[in-house]
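Geometric and topological summary
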Amino acid sequence: MIESKEIISELAEPIENSGFELYGICKAFVPEEDKTKILSWVKNGNHGRMDWYPKNMELRLEFKNIGFEARSVIVLGTIYNDPEYDKISKTMSFRFSKYAIGEDYHRVLKKSAASLLETLQKKYPHHRFRQGVDSLPVPEKVLAREAGLGWIGKNTNLIHPEFGSFFFLTVLLTDLPIHTVAVSVRDRCGTCTACLDACPTGALRPYEIDAGKCISHHTLEDRSDVIPDTFGWIAGCDICQDVCPWNRVKAAKKGVRTRREEFKARALFRENPDSILGFDEEDFRGNFGDSAISRMSFSMFRRNVELCKRSIEREKES
Ligand code: B12
Ligand code: SF4
Ligand code: SF4
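Quick caveat: nothing in here was measured; it's all calculated off a predicted structure.

As for the site of ligand 1
Residues in close proximity to ligand 1 total 37 residues, the closest being Asp34, Tyr53, Glu140, Lys141 and Leu158. Between Phe167 and ligand 1, the recorded distance is 3.2 Å, taken from a backbone N or O atom to a nitrogen atom. Within the side chain of Ser216, an N or O atom sits 2.8 Å from an oxygen atom of ligand 1. When residues of the shell around ligand 1 are traced back to their parent elements, those giving at least two are helix H2 (32–43), helix H6 (140–146), strand S8 (167–174), strand S11 (208–209) and helix H9 (239–242).

A few points about helix H5 (residues 105–123)
Between its terminal C-alpha atoms H5 stretches 27 Å, which fits the 27 Å expected from 19 residues at 1.5 Å a residue. Where H5 bends most, the angle comes to about 35 degrees, and this point is Ala114. Looking only at H5, the buried set comprises Tyr105, His106, Val108, Leu109, Ser112, Ala113, Leu116, Leu117 and Leu120. Looking at the packing, one finds that the buried side of H5 touches helix H1 (4–17), strand S3 (72–79), strand S5 (129–132) and S8.

Quick look at the nonpolar core
The biggest cluster of nonpolar side chains holds 52 residues, and the ones touching the most others in it are Phe94, Phe96, Phe269, Phe288, Ile293 and Phe301. The biggest single contributor to this core is H5, with seven residues. A domain-level breakdown of this core finds at least three residues from each of domain 1 (2–81 + 102–179) and domain 2 (193–317). Leave out the neighbours within four places in its chain, and Phe269 touches Tyr85, Ile88, Met92, Phe96, Ile101, Ile276 and Phe288. Formed by 34 residues, the second largest nonpolar core is a distinct cluster that contains Cys26, Leu59, Ile66 and Val73.

Some words on unusual backbone geometry
Despite not being glycine, Phe63 has its phi angle at roughly 60 degrees, a positive value. With respect to the element layout, Phe63 can be found in the loop between helix H3 (57–62) and S3. Phi is positive for Thr156, close to 70 degrees, though the residue is something other than glycine. Along the polypeptide, Thr156 turns up in the loop between strand S6 (151–152) and strand S7 (158–159). Note on Thr156: relative accessible area 8%, which makes it buried.

Structural notes on the side chain of Arg303
Inspection of the secondary structure puts Arg303 in helix H13 (residues 298–317). Buried charge Arg303 goes without a salt bridge, the closest partner of opposite sign being Asp222 at 4.7 Å. Setting aside chain neighbours within four positions, we find Arg303 in contact with His218, Thr219, Asp222, Arg223, Ser224, Asp225 and Ile227.

Brief notes about the environment of Tyr85
Within the secondary structure layout, Tyr85 lies in helix H4 (residues 83–91). The class of Tyr85 is buried, set by a relative accessible area of 2%. Taking C-alpha positions, Tyr85 is 39 Å from Glu6, a pair spaced 79 residues apart along the chain. Among residues more than four places away in sequence, those in contact with Tyr85 are Met92, Phe96, Lys98, Ile101, Ala265 and Phe269.

Looking at the packing of H1 against H5
For the pair H1 and H5, the least separation of the axes is 10 Å and the interaxial angle reads 150 degrees. The pairing of H1 with H5 is recorded here as roughly antiparallel in orientation. Only Leu116, Leu120 and Lys123 of H5 make contact with H1, whose side of the interface consists of Glu10, Leu11, Pro14 and Ile15. A breakdown of the residues in the contact of H1 with H5 according to their chemical character gives five nonpolar, no polar and two charged.

What to know about the site of ligand 2
With respect to spatial proximity, the complete set of residues near ligand 2 consists of Cys199, Thr201, Ala203, Leu204, Ile209, Cys214, Ile215, Cys237, Ile239 and Cys240. Residue composition of the shell around ligand 2, grouped by class: nine nonpolar, one polar and no charged.

Notes on the domain arrangement of the protein chain
Bring the parts together and some accessible area is lost; that lost area is often taken as the interface size. Each assigned domain of the protein chain is listed here: domain 1 (2–81 + 102–179) and domain 2 (193–317). A C-alpha centroid distance of 24 Å is found between domain 1 and domain 2. Listed per partner, the contact involves 41 residues of domain 1 and 40 residues of domain 2. Taken together, the connections running from domain 1 to domain 2 amount to two salt bridges. Between Asp222 and Arg49 there is a salt bridge, and its shortest N-O distance comes to 3.4 Å. For the pair domain 1 and domain 2, the interface holds 22 residue pairs in polar contact (both at pLDDT 80 or more). Listing elements by their share of the side of domain 1 that touches domain 2, those giving two or more residues are S3, H5 and S6. Considering every element that reaches the side of domain 1 that touches domain 2, the biggest residue donor is H5, with seven residues.

Definitions and cut-offs
- Residues numbered from 1 in each chain as written.
- Chains lettered and ligands numbered in written order.
- Predicted model: local features only at pLDDT ≥ 70, side-chain atom pairs only at ≥ 80, totals over all residues.
- Heavy atoms only, no water.
- Near = heavy atom within 4 Å.
- Polar contact = N/O pair within 3.5 Å; in protein donor to acceptor, adjacent residues only side chain to side chain.
- Helix = DSSP H or I, 4+ residues; strand = E, 2+ residues; numbered from the N terminus.
- Expected span 1.5 Å × (residues − 1).
- Bend = angle between axes of the 7 residues up to and from the residue.
- Buried < 20%, exposed > 50% of the residue type's maximum accessible area, 1.4 Å probe, protein only.
- Contact = heavy atoms within 4.5 Å.
- Core = buried A, V, L, I, M, F, W, Y, C linked by side-chain atoms within 4.5 Å.
- Domains from an automatic or database assignment.
- Lys, Arg positive; Asp, Glu negative; His and termini not counted.
- Salt bridge = Lys/Arg side-chain N within 4 Å of Asp/Glu carboxyl O.
- Axes fitted to C-alpha atoms, helices over the stretch in contact; angles between N-to-C directions.
- Parallel < 35°, antiparallel > 145°, perpendicular 65-115°, else oblique.
- Nonpolar A, V, L, I, M, F, W, Y, C, P; charged D, E, K, R; others polar.

This is the structure in structure tokens:
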């Protein structure tokens, strides 16, 4: 069996060259306590309108039906926040999550890990490797926590003590047996409740989200004609991360920012963000066809814009 230290020291350079700031290895195993919580989360209907979530539970929790027996997971993380966009967003009349201002992260992370997968496949030709960025429905935050990339905070995001939480995750599952030493990053939320207090919809209880109440869910996952108020957000929501001291103070002081051009605010946001409010279908496809919101239908986009305009008007009146 290979030691994780050995493989990490070999892979550190190609991983960093592929643009991943965070990495670690864990066993392909979801701890019982997490399994129980995930199952009761679904049982209680916390997945809202994400009907796809309860499907493939065997894959999600046991890594079944992936084509091989997964033994280990290499977890990678890449920072996406762009402080320039934080400044721009303050001048905008509506809110648009920083996770969606650049290129679709699924594509970027796939591209970035391709050479790494090739390196691994060449070095271990008798073993199998498979990448997932959301696409493989495994609990990425739990695996990332197990691999030592951070702790899952009260806002339910994975937080790294230096980098904060504005990073994406991707996992490489393999049948390669890797001996790992448990590394855990202790929970540093302490008595803080900033995220719970700031969430405008009451979607958060400590360490637990009711996704059906989350603005991110309403704007991106709910296909209904009518959705609850999104408080000025057109796509996603960053409130519970923006207020987190591990982003707002720690990571900000360290100047943590994305190194990837693909995740920086595209020209549209720098030049004329308010034009987004008037986008027709052609504009929408032309400007967001390669973004993480490309899976949102045009009617969802218009629905979100109209709701957002009403909230802007309300704000002006009050
Ligand atoms: C479904 C989903 C959502 C849902 C649910 C969010 C959530 N917190 O899980 C919605 C649509 C709301 C969503 C929103 C967002 N998402 Co999302 N999402 C996912 C997805 C596809 C699955 C996550 C999942 O399984 N959630 C279900 C819950 C049960 O899982 P969990 O939080 O891991 O559960 C643990 C805890 O919540 C806790 N728990 C659960 N129930 C209970 C009960 C009690 C009493 C207690 C104490 C604890 C507890 O225990 C569980 C096991 O440890 C992942 C990708 C993936 N494949 O993992 C991305 C992912 C989590 N999302 C991501 C992002 C970026 C976002 C947004 C920031 C996007 C945006 N700007 O709008 C928001 C953040 C909102 C938020 N506060 O979390 C990133 C997070 C990266 C990070 N650093 O953490 C991921 C990993 C995608 C990626 N590949 O990078 N997302
Ligand atoms: S993303 Fe927004 S709506 Fe969702 S839990 Fe966080 S603050 Fe609440
Ligand atoms: S805002 Fe406070 S409680 Fe919430 S995740 Fe950050 S540190 Fe934890």
